[in-house]
Amino acid sequence: MKIALLGYGKMGKVIERIALERGHEIVLKKDESNTYEGLETADVAIDFSVPMVAVDNITKAFHLNIPVVCGTTGWLERYDEVVKLCQEKNGAFLYGSNFSLGVNLFFELNNYLAKMMARFSSVYKVSMEEIHHTQKLDSPSGTAISLAKGVIENSAYTSWTEEAAGENQIHIEAKRIENVPGTHSVYYSSDVDFIEIKHVAHNREGFALGAVLAAEWIQGKKGVFSMKDVLDLK
């Protein structure tokens, strides 16, 4: 499989190594200084760039009929626009706020716990914390937002905030600390006890492997997908 890397930072380099180990070929390693030359030869594009260029990268790939796996966060206000273009081009698109197998299982655990705890909303208040490396541009993380959405979809909560939380809001505290790949915690607190579920990433390997597996999976498919499809978690 020929892979175009749209974004060649720390994650892009780990994805490159894992893709090569799995027998794939890298036909483009795009950073801020180079062009899209080579993208037209790719079987799939993997975007781990930055929020301000992600949509341009995805759009360029769609116009070349190349499936896209995107792990860039911080641009989701334009998600519907990207989905519409994918459908217009009869393309394939897979977005994941986090490609780690463990995190995607954590998402399912979070949803299940939210459903169970919804009956006790008068007793327990939900809050979240995420910690990432200082190079991470968006805040809170896409993974934290996905976790918050999971709670909202399964409870009476209506929104999340980084400010002081209102009646039906989930407070997310975002911290930036050197050399932290990613830690996410969901808290349920009451006057008498405290429940916590937590995922701690030790390195970027899990994210990168998940992205390559998603790129392998999306071959020959049309439509809009998520890691739940890749991991058959539905």
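Within each chain, residue numbers correspond to sequence positions counted from 1 in written order. At least 70 in pLDDT is required for a residue's local features to be given in this predicted model, at least 80 for side-chain atom pairs to be given and counted, and no such filter applies to totals for whole chains, interfaces and linings, which use all residues. Side-chain numbers come from the whole structure's heavy atoms, not from hydrogens or water.

Visitor: Can you walk me through the pairing of strand E6 (residues 125–132) in this structure?
Guide: Two faces belong to every sheet, and in a regular strand the side chains alternate between them. For each residue, the accessible area found with a 1.4 Å probe, counting protein chains only, is set against the maximum for its type, and the residue is called buried under 20%, exposed over 50%, and partly exposed in between. A run of H or I in DSSP becomes a helix once it reaches four residues, and a run of E becomes a strand once it reaches two; helices and strands are each numbered from the N terminus. Across the 8 residues of E6, 6 count as buried, placing the element largely inside the fold. Two strands form a pair only when DSSP identifies at least two bridges running between them. Where E6 and strand E9 (residues 182–189) come together, 7 bridges link them in antiparallel fashion. For Glu129, the partnering residue across the bridge sits in E9 and is Ser185. As defined by bridge partners, E6 adjoins strand E8 (residues 169–176) across 6 bridges and the pair is classed as parallel. Looking at the pairing, Met128 lines up with Ile172 of E8.

Visitor: It is not clear to me how a nonpolar patch on the surface should be interpreted in this structure. Could you clarify?
Guide: In this scheme, patches are assembled from residues that exceed 30% relative accessible area and form no salt bridge. Like charges are connected within 9 Å, while nonpolar side chains (Val, Leu, Ile, Met, Phe, Trp, Tyr) are connected within 5 Å. Exposure was quantified through the Shrake-Rupley algorithm and a 1.4 Å probe, taking into account, for residues, occlusion by the shown protein chains and nothing else. Only one rule defines a salt bridge in this text: a Lys or Arg side-chain nitrogen within 4 Å of an Asp or Glu carboxyl oxygen. A grouping of Met52, Val53 and Leu137 is seen on the molecular surface, where their side chains present a nonpolar patch of about 310 Å² in accessible area. Tracing the backbone shows Val53 in helix H2 (residues 51–63).

Visitor: Sorry if this is basic, but what is going on with the pattern of salt bridges here?
Guide: All told, the structure shown has 10 salt bridges when counted by the stated rule. Note that Glu216 and Arg22 form a salt bridge whose closest N and O atoms lie 2.8 Å from each other. Separated by 194 residues along the polypeptide, Glu216 in helix H6 (residues 205–217) and Arg22 in the loop between helix H1 (10–21) and strand E2 (25–30) bring together distant segments of the chain. With relative accessibility at 24%, the residue Glu216 sits in the partly exposed group.

Visitor: How should the sheet that holds E6 be read in this particular structure?
Guide: Each strand in a sheet pairs with its neighbour through backbone hydrogen bonds, running either in the same direction (parallel) or in the opposite one (antiparallel). On the basis of which strands lie adjacent, the open sheet formed by 5 strands has the order E7-E8-E6-E9-E10 and mixed pairing. Bordering the open sheet on either side are strand E7 (159–161) and strand E10 (194–201), each of which pairs with just one other strand. Each adjacent strand pair in this sheet contributes to an overall mean axis angle of 20 degrees, direction not counted. Sheet topology places E7 next to E8; 3 bridges connect them, and they run parallel. Within the sheet, the bridge partner assigned to Trp160 lies in E8 and is Ile170. Only the stretch in contact is used when fitting a helix axis, every axis being a line fitted to C-alpha atoms; angles between N-to-C directions are given from 0 to 180 degrees.

Visitor: Would you take a moment to explain the packing of aromatic side chains for this structure?
Guide: Each Phe, Tyr or Trp ring, with Trp reduced to its six-membered ring, pairs with another whose centre is within 6.5 Å; inter-plane angles below 30 degrees give stacked pairs, above 60 give edge-to-face pairs, and intermediate values give tilted ones. For the coordinates displayed, the defined rule picks out 9 aromatic pairs. Aromatic side chains Trp75 and Phe93 sit 6.4 Å apart centroid to centroid with 65 degrees between the ring planes, which places their arrangement in the edge-to-face category. Within this pair, whereas Trp75 is found in the loop between strand E4 (68–70) and helix H3 (79–88), its partner Phe93 is found in strand E5 (residues 92–95), the two being separated by 18 residues in sequence. Each of the two residues, Trp75 as well as Phe93, counts as buried.

Visitor: What is the right way to read the side chain of Asp47 from this model?
Guide: Here Asp47 lies in strand E3 (residues 44–47). Lys and Arg are tallied as positive, Asp and Glu as negative. Neither His nor the chain termini are counted. For Asp47, which is buried and forms no salt bridge, the nearest opposite charge comes from Lys30, at a distance of 8.6 Å. At 2.8 Å, the side chain of Asp47 and the side chain of Asn57 are in polar contact. Non-local contacts of Asp47, meaning those with residues more than four positions away in its chain, are made with Leu6, Ala54, Asn57, Val69, Cys70, Gly71 and Thr72. Definition of a polar contact: a pair of N or O atoms within 3.5 Å, with one able to donate and the other able to accept a hydrogen when the atoms are protein atoms, and with sequence-neighbouring residues admitted only if both atoms are side-chain atoms. Note on definitions: a residue-residue contact is assigned when non-hydrogen atoms from the two residues lie within 4.5 Å.

Visitor: Got a minute to help me understand the packing of H1 against H6 in this structure?
Guide: Helix-helix packing is characterised by the crossing angle of the two axes and by the distance between the axes. Taken N-terminus to C-terminus, the directions of H1 and H6 make an angle of 60 degrees; their axes are 9 Å apart at the nearest point. In this view, H1 runs oblique relative to H6, as classed from their interaxial angle. As H1 runs across H6, the sense of the crossing is right-handed. For the pair H1 and H6, the contacting residues are Met11, Val14, Ile15, Arg17, Ile18 and Ala19 in the first and Glu205, Phe207, Ala208, Leu209, Ala211 and Val212 in the second. Each residue receives one of three labels: charged for Asp, Glu, Lys and Arg, nonpolar for Ala, Val, Leu, Ile, Met, Phe, Trp, Tyr, Cys and Pro, and polar for the others, Gly being one of them. Considering only residue class, the contact of H1 with H6 consists of 10 nonpolar, no polar and 2 charged. Put simply, angles under 35 degrees are roughly parallel, angles over 145 are roughly antiparallel, angles from 65 to 115 are roughly perpendicular, and the rest are oblique. The hand of a helix crossing depends on one turn: near helix anticlockwise from the far one by less than a right angle means left-handed, and clockwise means right-handed.

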